[in-house]
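Residues per chain are reported as follows:
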Amino acid sequence: GDCTYYRKFPGQCGARDDEDFTAEDMCCPCGGGCTDNDWGANDASGNNCSYYVVHPFKCGLFDDADFTAMDMCCACGGPLCLPT
């Protein structure tokens, strides 16, 4: 398995699972291997990381001084993800 595919196609999470690979447990864009790090901050539109789980294509569009989706949110490939 490889998580790189799910960064481009997060809606496909689970489609390529097999006996030793489960995307939802192992891949950040699918909610696995990651912990959101927004520390209660919100983006310029008032959203936190949970917003980007449903709208990953909007990662980075509403960043502001205390919120950077790509650095903070698992759905956007945040820094606390396990290596792919």
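Bear in mind the structure is a predicted one, so any value in this text is a computation, not a measurement.

A.B. asks: Go over a negative patch on the surface with me, naming the residues and quoting the values.
C.D. replies: A cluster of like negative charges, contributed by D17, D18, E19, D20, E24 and D25, occupies part of the molecular surface. One can find D20 in the loop between α1 (4-8) and α2 (23-26). Relative accessible area serves as the criterion here: at 57%, D20 is assigned to the exposed category.

A.B. asks: Any details on the environment of D18? Residues and values, ideally.
C.D. replies: In this fold, D18 is placed in the loop between α1 and α2. According to the relative accessible area criterion, D18 is partly exposed, its value standing at 37%. Among the polar contacts made by the side chain of D18, one reaches the main-chain amide nitrogen of D20 at a distance of 3.1 Å.

Conventions we followed
Residues numbered from 1 in each chain as written. Predicted model: local features only at pLDDT ≥ 70, side-chain atom pairs only at ≥ 80, totals over all residues. Heavy atoms only, no water. Patch = residues over 30% accessible without salt bridge, like charges linked within 9 Å, V, L, I, M, F, W, Y side chains within 5 Å. Areas by Shrake-Rupley, 256 points an atom, 1.4 Å probe, with all protein chains shown as cover. Salt bridge = Lys/Arg side-chain N within 4 Å of Asp/Glu carboxyl O. Lys, Arg positive; Asp, Glu negative; His and termini not counted. Charge placed at Lys NZ, Arg CZ, Asp CG, Glu CD. Helix = DSSP H or I, 4+ residues; strand = E, 2+ residues; numbered from the N terminus. Buried < 20%, exposed > 50% of the residue type's maximum accessible area, 1.4 Å probe, protein only. Polar contact = N/O pair within 3.5 Å; in protein donor to acceptor, adjacent residues only side chain to side chain.

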